[in-house]
Amino acid sequence: MTFHKKRAPVSARREVRITNKLGLHARPAAHFVKHVRTFRSEIWLATAGGRYSASSLIDVLRANLDCGSTATLQAHGVDAEEAVDRLQKLLGELDRFDEG
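Caption draft 1: Region of interest: the overall build of the protein chain. For the protein chain, the helix and strand inventory stands at three helices and four strands. For 100 residues, the compact-globule formula gives about 13 Å, and the C-alpha radius of gyration of the protein chain, at 14 Å, lands near that figure. Counting only C-alpha atoms, the protein chain reaches 55 × 30 × 20 Å along its principal axes. Across the 100 residues of the protein chain, 41% fall into the buried class. Within the protein chain, residue pairs in contact and separated by at least 24 positions form 76% of the contacts whose partners lie at least 6 positions apart. Surface exposure of the protein chain reaches about 6,300 Å², of which carbon and sulfur atoms provide 50%. When the 16 basic and 12 acidic side-chain charges of the protein chain are each reduced to a single mean position, those positions are 5 Å apart.

Shown next, in the form of structure tokens:
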């Protein structure tokens, strides 16, 4: 019988810059939230205006992230480091949503 070692929750954070020329508008925000929800960790976007749940489309839109804006991805949980790594990469790839 094999027992899996339980991973302890960790915290991770990463500064991100929005490069999509239209900012984090509805379609890329929905794509981002869909990916956030695949992680077990709690994930937030922190800006000068506040802290927003990254698993809520309404909160992500309320963060008002225009092109060039910076935010801090914050995660806490068993897969927090993987979450911030993959989500930072995803945010850099959202330019394809500019093609309306």
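Don't stop here, the text continues.
Caption draft 2: Structural detail: helix α3 (residues 80-92). For α3, built from 13 residues, the straight-helix expectation of 18 Å at 1.5 Å per residue is met to within 8% by its first-to-last C-alpha distance of 19 Å. Listed as buried for α3 are Ala 80, Ala 83, Val 84, Leu 87, Leu 90 and Leu 91. The arc enclosing the buried residues of α3, seen along the axis, measures out at 130 degrees, which places them on a common side. The elements touched by buried residues of α3 are β1 (10-17), α1 (26-36), β2 (42-47) and β4 (70-77).

Caption draft 3: The arrangement of α1 in detail. Here α1 has its buried residues at Pro 28, Ala 29, His 31, Phe 32, Val 33 and Val 36. Buried-residue contacts for α1 involve β2, α2 (57-62), β4 and α3.

Caption draft 4: Looking closely at the nonpolar core. Ranked by size, the top nonpolar core spans 26 residues in total, and within it Phe 32, Ile 43, Leu 73, Leu 87 and Leu 91 carry the most contacts. Elements with a minimum of two residues in this core: β1, α1, β2, β4 and α3. If you tally residues by element for this core, the top one is α3, at six residues. Contacts of Phe 32, omitting those with residues within four sequence positions, involve Leu 45, Ala 54, Val 60, Leu 73, Leu 87, Leu 90 and Leu 91.

Caption draft 5: Examining the pattern of salt bridges more closely. Summed over the entire model, instances satisfying the criterion amount to three salt bridges. Notably, a salt bridge pairs Arg 14 with Asp 85, separated by 2.7 Å at the nearest N-O pair. Of this pair, Arg 14 sits in strand β1 while Asp 85 sits in helix α3, and the two are 71 residues apart along the sequence. For Glu 82, the salt bridge is made with Arg 86, and the minimal N-O distance between the two is 2.8 Å. With Glu 82 and Arg 86 both in helix α3, this residue pair falls four residues apart, about one helical turn. Classification of Arg 86 by relative accessible area gives partly exposed; the value is 44%.

Thresholds applied
Residues numbered from 1 in each chain as written. Predicted model: local features only at pLDDT ≥ 70, side-chain atom pairs only at ≥ 80, totals over all residues. Heavy atoms only, no water. Helix = DSSP H or I, 4+ residues; strand = E, 2+ residues; numbered from the N terminus. Rg over C-alpha atoms; globule rule 2.2 N^0.38 Å. Buried < 20%, exposed > 50% of the residue type's maximum accessible area, 1.4 Å probe, protein only. Contact = heavy atoms within 4.5 Å. Areas by Shrake-Rupley, 256 points an atom, 1.4 Å probe, with all protein chains shown as cover. Lys, Arg positive; Asp, Glu negative; His and termini not counted. Charge placed at Lys NZ, Arg CZ, Asp CG, Glu CD. Expected span 1.5 Å × (residues − 1). Arc of directions from axis to C-beta. Core = buried A, V, L, I, M, F, W, Y, C linked by side-chain atoms within 4.5 Å. Salt bridge = Lys/Arg side-chain N within 4 Å of Asp/Glu carboxyl O.

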